[in-house]
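These are the residues of each chain, in order.
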Amino acid sequence: MTQPSADRRSFLSIVGLGGTTVALGACSGTPAQAKGFPVTRSEAEWRKRLTAQQFAVLRQEATERPFTSPLNKEHRKGIFACAGCDTAVYPSRTKFDSGTGWPSFWEAVPGAVGTKTDRKLLYPRTEVHCATCGGHLGHIFDDGPKPTGKRHCINGVALTFKPA
Ligand SMILES: [Zn+2]
């Protein structure tokens, strides 16, 4: 589960090959979450603001163990926000019990999340992240309930809940 971050990889390539030209070339290959989001912080800043578990999920795309999040049993009305930047990402009305052990939603707040293709497993999956800070939230599958048919399978540790 411990993968070197993009920054670390770039750093190592600079050290290994010695030269700023190489470093610039390496930067063009960094993942989308490294830049282009309204909220950006250095790895050190994120580590300071987040718990170790939040950092592993939000910034390193780890997955929490199923049935560990207290938010699985959160059934009150309210809003689920990104634990990284506090942006509202999922309204409670789209939450449903998927039985998977992860908080599940059939729709995000419009415009609040972004997606990319995750090829870490043998089959490609749709990764979903906070559109404001780029923090990894979970994955989207096509076996969700109506009306969307989507299942946003979200790490509870990446969310905070605010009752309405
Ligand atoms: Zn965020």
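Student: Would you mind going over the overall build of the protein chain with me for this structure?
Tutor: For the protein chain, the count of helices and strands is four helices and nine strands. Its helices and strands in sequence order give the protein chain the pattern α-α-α-α-β-β-β-β-β-β-β-β-β, from N to C terminus. Within the span of the protein chain, comprising 164 residues, buried residues form 40% of the whole. For the protein chain, contacts bridging at least 24 residues in sequence account for 54% of all contacts bridging at least 6. When the accessible surface of the protein chain is split by element, carbon and sulfur atoms take 57% of a total near 9500 Å².

Student: What is the right way to look at the pattern of salt bridges in this model?
Tutor: Pairs can form between side chains of opposite charge once their charged atoms are near each other. Evaluated as defined, the whole model comprises 10 salt bridges. Ionic pairing is found between Lys-120 and Glu-61, a salt bridge with its closest N-O pair at 2.9 Å. One end of the pair, Lys-120, is in the loop between β5 (113-118) and β6 (125-130); the other, Glu-61, is in the loop between α4 (52-60) and β1 (78-82), and 59 residues separate them in sequence. For Lys-120, a relative accessible area of 43% corresponds to the partly exposed category. Residue class for Glu-61 comes out buried when judged on its relative accessible area of 14%. A single salt-bridge network, built from bridges that share partners, covers Glu-61, Lys-116, Asp-118, Lys-120, Arg-125 and Glu-127.

Student: It is not clear to me how the coordination of the zinc ion should be interpreted in this structure. Could you clarify?
Tutor: The textbook angles at a metal center are 109.5 degrees for a tetrahedron of four donors and 90 or 180 degrees for an octahedron of six. For the zinc ion, every protein donor is listed as Cys-82 (SG), Cys-85 (SG), Cys-130 (SG) and Cys-133 (SG), and the spread of their distances is 2.3 to 2.4 Å. In this structure, the zinc ion is coordinated by four donor atoms arranged in tetrahedral fashion, with angles at the metal of 100 to 114°. In primary-sequence terms, the residues that donate to the zinc ion follow C-x2-C-x44-C-x2-C. Residue Cys-85 is located in the loop between β1 and β2 (88-91), and its partner Cys-130 is located in strand β6; the two are separated by 45 residues in the primary sequence.

Student: How should I be thinking about unusual backbone geometry in this particular structure?
Tutor: Among all residues except glycine, the phi angle is most often negative; among peptide bonds, the trans geometry is most common. Note that the residue after Lys-146, namely Pro-147, is joined by a cis bond; omega there is 5°. Here the phi dihedral of Phe-67 falls at roughly 65°; this positive angle occurs in a residue that is not glycine. Relative to the elements of secondary structure, Phe-67 occurs in the loop between α4 and β1. Judged by relative accessible area, which is 62%, Phe-67 ranks as exposed. Even without a glycine there, the phi angle at Asp-86 is positive, about 75°.

Student: Hey, could you run me through α4 in this one?
Tutor: Given 3.6 residues per turn, any residue in an α-helix points the same way as the ones three and four places further on. If you check which residues of α4 are buried, you get Gln-54, Phe-55, Val-57 and Leu-58. Packed against the buried residues of α4 are α3 (43-49), β1 and β7 (136-141). Glu-61 sits one or two residues past α4 and shows a positive phi near 60°.

Student: Mind showing me how you'd approach the side chain of Glu-74 here?
Tutor: Topologically, Glu-74 is positioned in the loop between α4 and β1. Among the residues examined, Glu-74 registers a relative accessible area of 10% and is labelled buried. If we ignore the near neighbours within four places in the chain, the residues touching Glu-74 are Phe-80, Lys-95 and Phe-161.

Calculation notes
- Residues numbered from 1 in each chain as written.
- Predicted model: local features only at pLDDT ≥ 70, side-chain atom pairs only at ≥ 80, totals over all residues.
- Heavy atoms only, no water.
- Helix = DSSP H or I, 4+ residues; strand = E, 2+ residues; numbered from the N terminus.
- Buried < 20%, exposed > 50% of the residue type's maximum accessible area, 1.4 Å probe, protein only.
- Contact = heavy atoms within 4.5 Å.
- Areas by Shrake-Rupley, 256 points an atom, 1.4 Å probe, with all protein chains shown as cover.
- Salt bridge = Lys/Arg side-chain N within 4 Å of Asp/Glu carboxyl O.
- Donors = N, O, S within 2.8 Å, 3.2 Å for Na, K, Ca; no water.
- Tetrahedral: all angles 85-135°; square planar, octahedral: opposite > 155°, others 65-115°.

Read these as spatial facts, not as claims about activity.
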